[in-house]
Amino acid sequence: MSDGISDDVEDVVGVLTERIEARFAMDMDQLKAAVGTAPTANPDATDVIKWHGLLVQAQSVLDGAEDDLLAALETQTSEVDDPTMDLARRVDAAVTARDGRAMVVRWLLDPDAPGKKGLAAERLARLRPRTGPAVQTSIPQRPGTPASASAWRAGRPVR
């Protein structure tokens, strides 16, 4: 691949882990601990840790699927049966999931990636979860007055 990630499947997680550690100047255990302690302090680190975890999980699923496929292929004679083809499709789906998650991690690590500057970046920032309470949108009830009593006083039907 042109961005320094090896075509070897086993290297994808390792290379991205190294990039994360270099970007945040701490090892993964320290970064996970920092994000766990203060998840809103650095939203970029929080996102990277989340997606790195999903990447590691996808790689684990892929490793298991490949092991199952290899075991099934060792028992095949000349033709591959349907259950073995299902295992091959499972491996293909696991590769797709792993590669998609790796792309997200690479995008999160690249400050110049498309969509990180200008209007697209502003829209993305609005999608982040709020860190504070939402603004109240309804009229508050007077303290100590039940809703049905205030509706009755206002001449509205009580529901």
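Everything below is about the structure shown above.
Here the structure is a predicted model, which is why all the values come from computation and not from measurement.

Conventions used here
- Residues numbered from 1 in each chain as written.
- Predicted model: local features only at pLDDT ≥ 70, side-chain atom pairs only at ≥ 80, totals over all residues.
- Heavy atoms only, no water.
- Helix = DSSP H or I, 4+ residues; strand = E, 2+ residues; numbered from the N terminus.
- Buried < 20%, exposed > 50% of the residue type's maximum accessible area, 1.4 Å probe, protein only.
- Contact = heavy atoms within 4.5 Å.
- Areas by Shrake-Rupley, 256 points an atom, 1.4 Å probe, with all protein chains shown as cover.
- Axes fitted to C-alpha atoms, helices over the stretch in contact; angles between N-to-C directions.
- Parallel < 35°, antiparallel > 145°, perpendicular 65-115°, else oblique.
- Left-handed = near helix turned anticlockwise from the far one by under 90°.
- Phe/Tyr/Trp six-rings, centres within 6.5 Å; stacked < 30°, edge-to-face > 60°.
- Lys NZ or Arg CZ within 6 Å of the ring centre and 35° of its normal.
- Expected span 1.5 Å × (residues − 1).
- Polar contact = N/O pair within 3.5 Å; in protein donor to acceptor, adjacent residues only side chain to side chain.
- Nonpolar A, V, L, I, M, F, W, Y, C, P; charged D, E, K, R; others polar.

Here we take up the overall build of the protein chain. A count of helices and strands for the protein chain gives 6 helices and 0 strands. Here the protein chain, with 159 residues, has 23% of them falling under the buried criterion. Residue pairs at least 24 apart in sequence account for 52% of intrachain contacts in the protein chain once pairs closer than 6 positions are excluded. Carbon and sulfur atoms make up 56% of the accessible area of the protein chain, which amounts to about 11200 Å² in all.

Take the packing of helix 1 (residues 11-24) against helix 4 (residues 82-109) next. Look at helix 1 against helix 4: their axes get within 11 Å of each other, and the N-to-C directions meet at 20°. Compared by their axis directions, helix 1 and helix 4 come out roughly parallel. Judged by the twist between their axes, the crossing of helix 1 over helix 4 is left-handed. Contacts between helix 1 and helix 4 pair V12, L16, R19, I20, R23 and F24 from the former with R98, A102, V105, R106, L108 and L109 from the latter.

Glancing now at the packing of aromatic side chains. Summed over the entire model, instances satisfying the criterion amount to 0 aromatic pairs. The ring of W107 is capped by K116, whose NZ or CZ atom sits 4.5 Å from the centre of that ring.

Between the first and last C-alpha of helix 4 there are 41 Å, a value that for 28 residues agrees with the 40 Å anticipated at 1.5 Å per step. For helix 4, the complete set of buried residues consists of T84, L87, V91, A94, R98, A102, V105, L108 and L109. Elements in contact with the buried residues of helix 4: helix 1 and helix 3 (43-75).

Below, the discussion takes up the side chain of Q76. Take Q76: it is sitting in the loop between helix 3 and helix 4. Within the structure, the side chain of Q76 is placed 3.1 Å from the backbone nitrogen of D81, a separation counted as a polar contact. Here Q76 is in contact with D81 and T84, once residues within four sequence places are set aside.

Assignment of secondary structure puts H52 in helix 3. Given the relative accessible area of 5%, H52 is considered buried. Not counting chain neighbours up to four residues away, the residues in contact with H52 comprise V13, T17, I20, M28 and V105.

To continue, consider the packing of helix 3 against helix 4. Closest axis-to-axis distance for the helix 3/helix 4 pair is 8 Å, and the angle between their directions is 160°. Regarding the angle of helix 3 to helix 4, the classification is roughly antiparallel. Handedness of the helix 3/helix 4 crossing: left-handed. Taken together, the residues of the contact of helix 3 with helix 4 break down into 22 nonpolar, 5 polar and 6 charged.

Functional significance is not addressed by these values, which are geometric in nature.
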